[in-house]
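# Notes for the structure review
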Amino acid sequence: QVQLVESGGGLVQPGGSLRLSCAASGTFFSINAMGWYRQAPGKQRELVATITSRGGTNYADSVKGRFTISRDNGKNTVYLQMNSLKAEDTAVYHCNAGVRLYFVSGANDYWGQGTQVTVSS
């Protein structure tokens, strides 16, 4: 069983910063790409940023230059540093990971339960 647990959300003023963390636990062979997605009220879930096992990154245009995704493969953890936060960044942020349970298996998608980020004065 694989679990992803997010932390680091909260309330922050516009222009402020937050750092999200997501740790994967359980028994598995390896983790491929990891990423962050967000869902605002009344909107569909959207990609924020992804990072491959080798460190290649991809960002949504709306967060480029403000957010930075990173990972610690030794700790099976992905981070999202969010700077210059705006009201429109308010959403529930979900962690995602492509996990290979066994050497011979493909990667399955796993999701965290989400952490609320609210940007408001």
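Right, let's walk through the structure included here. (Residues numbered from 1 in each chain as written. Predicted model: local features only at pLDDT ≥ 70, side-chain atom pairs only at ≥ 80, totals over all residues. Heavy atoms only, no water.)

Moving on: the environment of K64. Inspection of the secondary structure puts K64 in the loop between β6 (57-59) and β7 (67-72). Linking K64 and A24, residues 40 residues apart in sequence, is a C-alpha distance of 25 Å. (Helix = DSSP H or I, 4+ residues; strand = E, 2+ residues; numbered from the N terminus.)

Counted according to the given criterion, the structure contains two aromatic pairs. Between the aromatic rings of F29 and F103, the centroid separation amounts to 5.4 Å while the plane-to-plane angle is 75°, which identifies the pairing as edge-to-face. With F29 in the loop between β3 (18-26) and β4 (30-39) and F103 in the loop between β9 (91-100) and β10 (107-111), this residue pair connects regions lying 74 residues apart in the sequence. A relative accessible area of 59% places F103 in the exposed class. With a centroid separation of 5.1 Å and 65° between ring planes, the pair formed by Y37 and W111 is classed as edge-to-face. One end of the pair, Y37, is in strand β4; the other, W111, is in strand β10, and 74 residues separate them in sequence. Residue class for W111 comes out partly exposed when judged on its relative accessible area of 38%. Here the basic side chain of R19 rests over the ring of Y79, its NZ or CZ set 4.1 Å away from the ring centre. (Phe/Tyr/Trp six-rings, centres within 6.5 Å; stacked < 30°, edge-to-face > 60°. Buried < 20%, exposed > 50% of the residue type's maximum accessible area, 1.4 Å probe, protein only. Lys NZ or Arg CZ within 6 Å of the ring centre and 35° of its normal.)

Attention now goes to the sheet that holds β3. Whenever strands of a sheet pair, they do so through backbone hydrogen bonds, lying parallel or antiparallel. In space, the four strands of this open sheet follow the order β1-β3-β8-β7, with antiparallel pairing throughout. In this open sheet, the two edge strands, each paired with only one partner strand, are β1 (2-7) and β7. Between one strand axis and the next, the sheet turns by 15° as a mean value, whatever way the strands run. For β1 and β3, the ladder comprises six bridges, and the chain directions are antiparallel. Residue L4 lies in a different strand from β3, and its bridge partner there is A24. (Pairing = 2+ DSSP bridges. Axes fitted to C-alpha atoms, helices over the stretch in contact; angles between N-to-C directions.)

A positive phi angle is found at N76, which is not glycine, with a value near 50°. Locating N76 in the fold gives a position in the loop between β7 and β8 (77-82). Taking relative accessible area as the criterion, N76 reaches 25% and is therefore assigned partly exposed. Phi at S84 takes a positive value of approximately 50°, unusual for a residue other than glycine. For S84, the location among the structural elements is in the loop between β8 and β9.

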